[in-house]
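So the chains spell out like this:
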Amino acid sequence: MKFFLDTANLDEIKRASTWGIVDGVTTNPSLIAKEGNPIDEQIRRICDLVDGDISAEVVAATHREMVKEGRRLAAIHKNVVVKCPLTREGIIATNELFNEGHRVNVTLCFSSAQALIAAKAGAYIISPFVGRLDDMGQDGMELIRQIVTIYQNYGYATRVLAASLRSTNHVIECALAGAHIATVPFKVLDGLFNHVLTDRGLEQFLADYNKVFAETPVGV
């Protein structure tokens, strides 16, 4: 499973990139707005930091404007994946961009029916939102399992990107469900490293080693 970082913050991307486990980045209009830079400029900077898929989302309302904006975003860098919303206009734009050879991440997916539509339209990536479904009392992880099964049944090449992941447990459950990609905030990615037994074990190993091999204090 690939790890994408769900952020537009350059400092977070730089830090996470040093770990060697970041395969791409997803952004959305809210994340871009937090950084205060125009989307084209911010996406270009992100592409300089990560050699992988970088999702950049359109903000237009009609499919014609989405296609126009998508072409502009795709021209920023070869790694840019255009994000379109899972609406009727977004699906029309997805199909047009796909037919032109552009890769599209169809976002804001909340049902397996929507995921099936996106795959048929030529989506490169589908982004079902796990956490937001959980917030409504639904089983977000079940949606991931359903989409994976449907795509396997019919041989769709669309990649399943599990979005709105809020915990390390979410990441593990998505991996078990067969998601191709997990996109997570920096805090969640950082949390994958942590386990109390790792900390205790390392502390004990070092203590045992230093008892035998630590240098004798000066003057003793």
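In this text, all values refer to a predicted model and were calculated from it rather than measured experimentally.

Caption draft 1: Quick look at the pattern of salt bridges. This structure, assessed with the given rule, holds nine salt bridges. With its nearest N and O atoms 2.9 Å apart, the salt bridge here joins Asp40 to Arg72. Here Asp40, found in helix α3 (residues 39-49), pairs with Arg72, found in helix α4 (residues 63-74); they are 32 residues apart in sequence, far enough to count as distant. A salt bridge links Asp135 to Arg166, with the shortest nitrogen-to-oxygen separation between them at 2.7 Å. Taken as a pair, Asp135 in helix α7 (residues 130-135) and Arg166 in the loop between β7 (159-162) and α9 (168-177) lie far apart in primary sequence, 31 residues in all. Its relative accessible area of 55% is what places Asp135 among the exposed residues.

Caption draft 2: Summary view of helix α6 (residues 112-121). Along α6, the positions that sit buried rather than exposed are Ala115, Ala118, Ala119 and Ala121. Considered in projection along α6, the buried side chains sweep an arc of 160° and stay on one side of the axis. Residues of α6 that are buried sit in contact with α5 (88-99), β5 (104-109), β6 (125-128) and α8 (140-154). Once α6 finishes, Gly122 follows within two positions and takes phi at roughly 105°, a positive value.

Caption draft 3: Structural view of the packing of aromatic side chains. For the structure shown, the criterion picks out six aromatic pairs. A ring pair is formed by Tyr151 and Tyr156, whose centres lie 5.8 Å apart and whose planes are at 70°; its orientation type is edge-to-face. The class of Tyr151 is buried, set by a relative accessible area of 4%. A centroid spacing of 4.8 Å and a plane angle of 35° characterise the contact between Tyr209 and Phe213, whose relative ring orientation is tilted. Remark: Phe213 and Tyr209 occur in helix α11 (residues 196-213); sequence separation between them is four residues, near one turn of the helix. Given a relative accessible area of 49%, Tyr209 falls into the partly exposed group. Residue classification places Phe213 among the exposed residues on the basis of a relative accessible area of 55%.

Caption draft 4: Local environment of the sheet that holds strand β3 (residues 53-57). Ordered in space as β1-β2-β3-β4-β5-β6-β7-β8, the eight strands form a closed barrel in which the pairing is parallel. Pairs of neighbouring strands in the sheet enclose a mean axial angle of 30°, with direction left out of account. In this sheet, β6 lies alongside β5 in parallel orientation, the contact comprising three bridges. The residue of β6 that forms the bridge with Cys109 is Pro128.

Caption draft 5: Looking closely at the nonpolar core. In this structure, Ile43, Ile126 and Ile144 are the most contacted members of the largest nonpolar core, which totals 58 residues. Ranked by the residues each element gives to this core, the list is headed by α8, at six residues.

The rules behind the values
- Every chain is numbered on its own, with residues counted from 1 as its sequence reads.
- pLDDT decides what is reported in this predicted model: residues at 70 or higher carry local features, side-chain atom pairs at 80 or more are listed and counted, and totals for whole chains, interfaces and linings draw on all residues regardless.
- Hydrogens are left out, water is left out, and the side-chain values use all remaining heavy atoms of the structure.
- Salt bridge criterion: a side-chain nitrogen from Lys or Arg within 4 Å of a carboxyl oxygen from Asp or Glu.
- By the criteria applied, helices consist of DSSP H or I runs no shorter than four residues and strands consist of E runs no shorter than two, each listed in order from the N terminus.
- In this scheme, a residue with accessible area under 20% of its type's maximum is buried, one over 50% is exposed, and one in between is partly exposed, where area comes from a 1.4 Å probe on protein chains only.
- Picture the helix axis, draw a direction to every C-beta atom, and the arc is the one those directions span.
- When checking whether two residues touch, look at their non-hydrogen atoms; a contact exists if any pair is within 4.5 Å.
- A pair of Phe, Tyr and Trp rings is counted when the ring centres sit within 6.5 Å of each other, with Trp represented by its six-membered ring. The angle between the planes then sorts it: under 30 degrees is stacked, over 60 is edge-to-face, the rest tilted.
- By this definition, two strands are paired if DSSP reports at least two bridges between them.
- To obtain an axis, a line is fitted to C-alpha atoms, over the contacting stretch when the element is a helix, and the angle between two such axes runs from 0 to 180 degrees between their N-to-C directions.
- To qualify as a nonpolar core, a set must consist of buried Ala, Val, Leu, Ile, Met, Phe, Trp, Tyr and Cys residues joined through side-chain atoms within 4.5 Å.

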